[in-house]
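Understanding the architecture of this molecule
Residue-level listing of the chains:
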Amino acid sequence: MAAATAGAGRCHLSKVGTGRRPPPARVRVAVRLRPFVDGAAGANEPPCVRGIDSCSLEVANWRNYQETLKYQFDAFYGERSSQQDIYAGSVQPILRHLLEGQNASVLAYGPTGAGKTHTMLGSPEQPGVIPRALMDLLQLTREEGAEGRPWDLSVTMSYLEIYQEKVLDLLDPASGDLVIREDCRGNILIPGLTQKPITSFSEFERHFLPASGNRTVGATRLNQRSSRSHAVLLVKVDQRERLAPFRQREGKLYLIDLAGSEDNRRTGNQGIRLKESGAINTSLFVLGKVVDALNQGLPRVPYRDSKLTRLLQDSLGGSAHSILIANIAPERRFYLDTVSALNFAARSKEVINRPFTNESLQLHALAPVKLSQKELLGPSEAKRARGPEEEEIGNPELTASAASASQKLSPLQKLSNMDPAMLERLLSLDRLLGSQGSQGTPLLNTPKRERMVLIKTVEEKDLEIERLKMKQKELEAKVLAQEALDPKEKENSLTVHRPLPRRTVTGAKPLKKAVVMPLQLIQEQAASPKTEIHILKKRGRKRKVESSQVSEPVEKASEDCWELQISPELLAHGRQKILDLLNKGSARDLRSLQRIGQKKAQLIVGWRELHGPFSQVEDLERVEGISGKQMESFLKANLLSLAAGPRCGP
Ligand code: ADP
Ligand code: MG
């Protein structure tokens, strides 16, 4: 007996496909209606199910006998269909994928007595899917693996049942409950599960037939030999390339005869039978959720919620080719179970537009290793993502080397030590990818990325502050030079602190007079000592204009505010410019003025159209919606900048 710790030490194999995770493949669904098995019953009652065409069928609606419920599937096989029809139509086409190193699964679903075992196993006269698939697969592998062909092929089989959420080895019934594990590549395996090499069909039968007798069966009111467990036949096709680069592939085929999907309440099950049904139905319920999640492309597929779905994790959806054959019976007593099986099957193929994706597992021994998402996370994060209950299988050395490789390759490592130029390029590349919408994959994960953007912003701000400081120093130096050149102007001299329009003067150094200029005026001021803009001193709330000639020390200077006084000539110039804008500017031009928003700009344009041009700026008050106070504040806000603008231009 060749007990194999299936998959141990296989971590060097990798999933090779395109770079992105393949989208979920739709599960194919076929429905098979069996004939009346009891001839007398068939004569007495009409069937409650009827085929329409090769894909659709109808069922009587028990609420309204005038109506029927119609269903459409990938295939419908009527009561006259043969075992060969089902095999050739729905199963045979997926077998070739196994030789490409891809996984496939065939599941027979339906209530007890509806024909699952007949479909999967059949009889010596009418062999079902299992013997036919094995026959073909062995033939295929013999041909492909013949001397002189590039690949050497071998086939092994395992046979197990899941009974009350226990995994039992049917080829070694004494082995007890086995655990299902996932290796570092995401392959599902059962350490300790017997794996028999098979080279011919008779060899297969030699192992399979006695093992089938080990299946747990019981009696319920619905069927004399009701299957109470899920029977899972696993056939693995291994391929090794005979010449360099000596690649290796592994394809898995699951052939599953599921336990009955009948409703517990109608089977009369009690005690142990009820407990069995509960466990069976939990597994089937999760299978339904898994199939739904796959078909809807949901981010979380609840594989781990039952043994059956956990086992099928790498062979149902995603990279695998899966077909569900829902078996139904024509008798009226099956009616409710038939409708519920059809509804399950219909849910299983809800999204009919999703294209079947052929991207999948190809295992290469020496091909460059493509690191999985888990590995990119780094060892500790990967462990967290897997969850604490998950054990990692595989050669520890390989695991360690994979971890160190992940450290080398992870784009998230050592970002903070990165050369700023490189960081800048990385961030702009990331922005570029981000701007391509959901297709673009950000290079950096969000928290790290945000931190780096923040660091970059702070650096830029620091530089900006440095630049401003330099500029201020230059300006101060210029002012000092000006003072030294023209001592007569000393009384009117400037104390420029910052190029801000208003400034609170501290009391530390009493000033006789301060004239603060807007930044753009400084150059002109230096060239022409004739002061056109003077300070307007404000004490508390009450304003008082001081003559530029007065040279009293400022008491309580810290409480004082300072504003600008503009020469009449400049003032007139500013007014004219505002007037021009009011009369000729568009609503958009007007919005460039301070205190004029969209609404006021439109009011002004409207007033102008009605009453003609404004004769003076104060006419603004006449515009409905603009008060005298608003007009004043508008004037104050705009006069200085407009007055100074063009005279100081470059
Ligand atoms: P299940 O496995 O779903 O409980 P079975 O496969 O044991 O159901 O089928 C119940 C009975 O119906 C068996 O006697 C089987 O031989 C018969 N049967 C099922 N399907 C067919 C079919 N397509 N043609 C003829 N007999 C069938
Ligand atoms: Mg059965």
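Okay, the overall build of the chain next. Across its full length, the chain holds 19 helices and 22 strands. Restricting the contact set of the chain to residue pairs at least 6 apart, pairs at least 24 apart contribute 69%.

For ligand 1, the full set of nearby residues is R32, R34, P35, V37, P111, T112, G113, A114, G115, K116, T117 and H118. Interatomic distance of 2.8 Å between a side-chain N/O atom of K116 and an oxygen atom of ligand 1. Between ligand 1 and T117, the relevant distance is 2.8 Å, taken from an oxygen atom to a side-chain nitrogen or oxygen of the residue. Contact with the protein chains removes 72% of the 550 Å² of surface that ligand 1 exposes when unbound. It is helix α3 (residues 116-120) that contributes the most residues to the shell around ligand 1, 3 residues altogether. Its residues placed into classes, the shell around ligand 1 shows 4 nonpolar, 5 polar and 3 charged.

L57, L287, L311 and L316 are the most contacted members of the largest nonpolar core, which has 48 residues in total. At 7 residues, helix α7 (residues 271-296) tops the list of elements feeding residues into this core. Apart from residues lying up to four places away in sequence, L287 is in contact with L107, L258, L308, T309, L316 and F344. L95, M157, A211 and I325 belong to the second largest nonpolar core, which has 40 residues in total.

Here we take up the pattern of salt bridges. Any two side chains of opposite charge can pair, given that their charged atoms come close. Enumeration according to the criterion identifies 16 salt bridges in this entry. The partner of D314 in a salt bridge is K252, with the nearest N and O atoms 2.6 Å apart. Taken together, the positions of D314 in the loop between α8 (307-311) and β18 (321-328) and K252 in strand β17 (residues 248-257) put the pair 62 residues apart, joining distant regions of the chain. We note that D314, like K252, is buried. The salt bridge involving R622 is made with D619; its shortest N-O contact spans 3.7 Å. For R622, a relative accessible area of 54% translates into the label exposed. Each of R50, E58 and K70 takes part in one network of salt bridges that share partners.

Attention now moves to the packing of aromatic side chains. Applying the stated criterion across every chain yields a total of 6 aromatic pairs. Summarising the aromatic geometry, the rings of Y109 and F344 are spaced 4.1 Å apart at their centres and angled 20 degrees between planes, so their arrangement reads as stacked. Here Y109 is found in strand β7 (residues 104-109), whereas its partner F344 is found in helix α9 (residues 335-348), with 235 residues between them in sequence. Judged by relative accessible area, which is 5%, F344 ranks as buried. Across from the ring centre of F334, 5.4 Å away, lies the NZ or CZ of R34, which sits over that ring.

The next subject is the environment of G101. Examined against the element boundaries, G101 turns out to sit in the loop between α2 (83-95) and β7. Since its relative accessible area comes to 0%, G101 is described here as buried. Expressed as a C-alpha distance, the spacing of G101 and K236, which sit 135 residues apart in the sequence, is 9.7 Å.

With that settled, consider a nonpolar patch on the surface. On the surface, W62, Y65 and L336 cluster together into a nonpolar patch covering about 380 Å² of accessible area. By the element assignment, Y65 lies in the loop between β4 (56-60) and β5 (68-72). Judged by relative accessible area, which is 65%, Y65 ranks as exposed.

With that out of the way, let us pick up helix α16 (residues 568-584). Helix length check: α16, at 17 residues, gives a terminal C-alpha distance of 24 Å against a target of 24 Å (1.5 Å per residue), a fit within 8%. Within the span of α16, buried status applies to L570, G574, I578, L579, L581 and L582.

At a closest axis distance of 10 Å, the pairing of helix α4 (residues 129-144) and helix α5 (residues 201-213) adopts a crossing angle of 140 degrees. As judged from the angle between their axes, α4 and α5 are oblique. Note that α4 runs across α5; the crossing there is right-handed. Residues I130, P131, L134, M135 and L138 of α4 form the contact with α5, whose participating residues are F201, F204 and F208. Of the residues assigned to the contact of α4 with α5, the class counts are 8 nonpolar, no polar and no charged.

What counts, and where the lines are drawn
Residues numbered from 1 in each chain as written. Chains lettered and ligands numbered in written order. Predicted model: local features only at pLDDT ≥ 70, side-chain atom pairs only at ≥ 80, totals over all residues. Heavy atoms only, no water. Helix = DSSP H or I, 4+ residues; strand = E, 2+ residues; numbered from the N terminus. Contact = heavy atoms within 4.5 Å. Near = heavy atom within 4 Å. Polar contact = N/O pair within 3.5 Å; in protein donor to acceptor, adjacent residues only side chain to side chain. Areas by Shrake-Rupley, 256 points an atom, 1.4 Å probe, with all protein chains shown as cover. Nonpolar A, V, L, I, M, F, W, Y, C, P; charged D, E, K, R; others polar. Core = buried A, V, L, I, M, F, W, Y, C linked by side-chain atoms within 4.5 Å. Buried < 20%, exposed > 50% of the residue type's maximum accessible area, 1.4 Å probe, protein only. Salt bridge = Lys/Arg side-chain N within 4 Å of Asp/Glu carboxyl O. Phe/Tyr/Trp six-rings, centres within 6.5 Å; stacked < 30°, edge-to-face > 60°. Lys NZ or Arg CZ within 6 Å of the ring centre and 35° of its normal. Patch = residues over 30% accessible without salt bridge, like charges linked within 9 Å, V, L, I, M, F, W, Y side chains within 5 Å. Expected span 1.5 Å × (residues − 1). Axes fitted to C-alpha atoms, helices over the stretch in contact; angles between N-to-C directions. Parallel < 35°, antiparallel > 145°, perpendicular 65-115°, else oblique. Left-handed = near helix turned anticlockwise from the far one by under 90°.

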